[in-house]
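Residues per chain are reported as follows:
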Amino acid sequence: MADAKQGPASARERSLSPTLKLHDKRNRALESMAKMSSMGLHVFHPQWQTVQQGVMPRGRQYSTSFRTVKMKLMSSSSEALSISVQTCTKVQDVRDALAHALSVSPDSIDFLEKRGCTTRKQSGCEEIASVVTVKGIRSFREDIHQWPHPVGIIGCGYAGLKTAMMYAKSGNYNFVSFDRNSKVGGYCWITAANEHSKLQTEFGAFHCWWGQDFVTEACQYPSGWEAWPKKVDVLRHFQFAAEQYGIFPNLQLNSNVARMDIVGDVAALDHHYKLIVTHVGGGDSREVNVSVLYSFPGSMTRNRIINYPGEDAFGGLVAYGMNDDCPYHELPGRNVAILGNGAFAVENARTAVEHAAHKVFLLTRRKNLASPRVPCWFVHQGPAPTPGKMVLDMFKPMYQLAGFGDPWKYWSVHASNDRSRATIIQNSRFGIGDVTFLMVMYGKLEYVEDTLKRLTYQTLHLTSGRTIKDIYIILKSLGLLGDFAFDRLHRMDKLLGLFCDGDWRRPVSLDAIGLNAANFTTFSAGIGMAGLVRGLKYLHDHPNEYDRAVEAGFLKQLPVNRADESLDKPAYVVDVKYTMSASIILESMLPKISLLHATDPEYKYRMIHAAHPIDFFLQECVEDWDKYQEMFRKQGFDHEYVPYPYTKDMIEGYCKEYGRPKATAPIVRDQIFLVGAAHGKIRTQ
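Summary of the structure given here.

Looking now at the overall build of the chain. For the chain, the count of helices and strands is 20 helices and 33 strands. By sequence separation, contacts in the chain at least 24 residues apart represent 72% of the contacts at least 6 residues apart. Looking at the chain as shown, the accessible area adds up to about 32900 Å², and 52% of this sits on carbon and sulfur atoms. Separation between the mean location of the 79 positive side-chain charges and that of the 71 negative ones in the chain comes to 6 Å.

And the structure:
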């Protein structure tokens, strides 16, 4: 009777129902299958040997239940490894998986099983024992090659600093970095950037410790930094990272690598590079031997110089909008003409109006796509690449508001007729920022699709016949060129993939030219650089993996780029399509590199939502939007208030579209996180 009077079953009791038990068991089985597959072990599915009721099974039956195998090393009592296997998993399968993971020969590995007082070697066709001792390897971690000389890194800008940080984070301080500057940050931010230059992408997508594998106690998800910091704070962030990673003792600043000689046969593993290093202030040179030499020349360093007829009679100022060569204090109330339409041209337009220039004319042969801030943020928080279709659709609210036309109809867009797919190809990256559109709405900025024919006194004469008068200053943002001195330093005839003259121990990377994508992982160079330096370091840590790839035809697959003097283009200068192709081939021939990026999707989502939460991000966008409207009104440009075109509801709508599975593509387990993240079901800490 007492039992009959009890109330409803507790939640704990209900959780023990047979249905939930079966569900949990299946989930655990799926997880074990995923773990086995990720290790390269074969999975025997129970349904492959289903026996009908009442029918005698034919042949041998295999147990597909899961168990744990504990492995310890014969050479070390402290290191052990536990893996999930099935009861029917064979010794040979585990041996092959372990050999592949450690890049050793399977024949060098033996498994010893203890039975009573004796120890016996297991044969390859046996089921792997639950407890085994592994003979023939020194560690369950892949051996890292020890080079006789330090690793050399030319450049302490973003890429060079990140490479040094990666070596330091791994515990390997056997490297030396060189830079001509007296501080870290590189040419782009130390020299080329103006005092008032700002980061166009949000800081979370740019910071140089981007990546879960770069996180330390001091360098975690970025907080306390402005969303779009100015030059001084960008440089401060480089200094901060170098200090926290403890790499300053390995940096040789104010140093120029003047000469590089290859010592030994370049095809032999024991060759090295002799560097002649000079101090930028003069004095004696010194020799530094390195076994690997990374080169990061960064963004190009020479302005593209085009002289126009009549420049001597122009009567105003002609500058390049770099390294503070524009006299900003002379801009108030005056008109500015900017030649070009790249990201730096757009940045100069913002700087000019902030210094009270009356009006800016942006003269370009063809109008490039520019990105508002919200689509940029959305791409950077997405665990999976954002389709070009979504990017263009997210552009629409701002484009319609500012009278920029239909983004789908821009010259750089290559789309299907039904607009279900789109590839964007243009010669420069997106200029990112909301103020570009606001300047056009207030009449502070005018895009002029034309070319400059000649100049007279403070007047531009265009090819179409139009004249633009009362121009005080011309900024030639016509792009940058590479330096043939880099080719001469390496004595290179070509770039093979990412390698100078095909030498895999002399990789080079720069800020590649242009934009070419159908799916967008980032609008910033920072995220891609994390993957690149991981892959290159893995290659140099495991030379035997490179040898295997070469035997499989790796070098024959790589793209080739040669110098073209007629275009003033050195061999090391490549576009983004070339870089993407070389990187994809590298990872396809060395698949272990892809595993190094496994945490990136989750990290992207969690980090951006922690550093730039949607509500706070929108608030900052609106505050900036309103700040510029007030600035323009004070400068005498009256216009009715323009509401910010993006809302939280719109962004949540983008998330739902992003997370919606395609009708023709069933959801697999790996997609569960992506869909949950896009719908906000996975919360940040």
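Counting residues in each nonpolar core, the largest one holds 77 residues, and the members touching the most others are Leu369, Phe430, Phe520 and Phe632. For this core, the leading source of residues is helix H9 (residues 388-402), giving 8 residues. Judged by nonpolar contacts, the second largest core, of 56 residues, contains Phe214, Phe238, Tyr294 and Leu539.

Packing of helix H7 (residues 343-354) against helix H18 (residues 614-634) leaves a shortest axis separation of 11 Å and a crossing angle of 55°. As the angle between them shows, H7 and H18 are arranged oblique. Contacts between H7 and H18 involve Arg350, Val353 and Glu354 on the former and, on the latter, Tyr628, Met631 and Phe632. Class assignment of the residues belonging to the contact of H7 with H18 gives a composition of 4 nonpolar, no polar and 2 charged.

Bringing the environment of Lys634 into the picture now. With respect to the element layout, Lys634 can be found in helix H18. Taking C-alpha positions, Lys634 is 9.5 Å from Ala356, a pair spaced 278 residues apart along the chain.

In this section: the pattern of salt bridges. Across all of its chains, the model carries 34 salt bridges by this definition. For Asp213, the salt bridge identified is with Arg534, shortest N-O distance 2.8 Å. Within this pair, whereas Asp213 is found in the loop between helix H5 (186-192) and helix H6 (231-244), its partner Arg534 is found in helix H12 (residues 525-541), the two being separated by 321 residues in sequence. According to the relative accessible area criterion, Asp213 is partly exposed, its value standing at 30%. A salt bridge links Asp624 to Lys627, with the shortest nitrogen-to-oxygen separation between them at 3.5 Å. Here Lys627 and Asp624 lie together in helix H18, a separation of 3 residues that amounts to about one turn. Accessibility expressed as a relative area gives 15% for Asp624, which makes it buried. With relative accessibility at 36%, the residue Lys627 sits in the partly exposed group.

Criteria and cut-off values
- Residues numbered from 1 in each chain as written.
- Predicted model: local features only at pLDDT ≥ 70, side-chain atom pairs only at ≥ 80, totals over all residues.
- Heavy atoms only, no water.
- Helix = DSSP H or I, 4+ residues; strand = E, 2+ residues; numbered from the N terminus.
- Contact = heavy atoms within 4.5 Å.
- Areas by Shrake-Rupley, 256 points an atom, 1.4 Å probe, with all protein chains shown as cover.
- Lys, Arg positive; Asp, Glu negative; His and termini not counted.
- Charge placed at Lys NZ, Arg CZ, Asp CG, Glu CD.
- Core = buried A, V, L, I, M, F, W, Y, C linked by side-chain atoms within 4.5 Å.
- Buried < 20%, exposed > 50% of the residue type's maximum accessible area, 1.4 Å probe, protein only.
- Axes fitted to C-alpha atoms, helices over the stretch in contact; angles between N-to-C directions.
- Parallel < 35°, antiparallel > 145°, perpendicular 65-115°, else oblique.
- Nonpolar A, V, L, I, M, F, W, Y, C, P; charged D, E, K, R; others polar.
- Salt bridge = Lys/Arg side-chain N within 4 Å of Asp/Glu carboxyl O.

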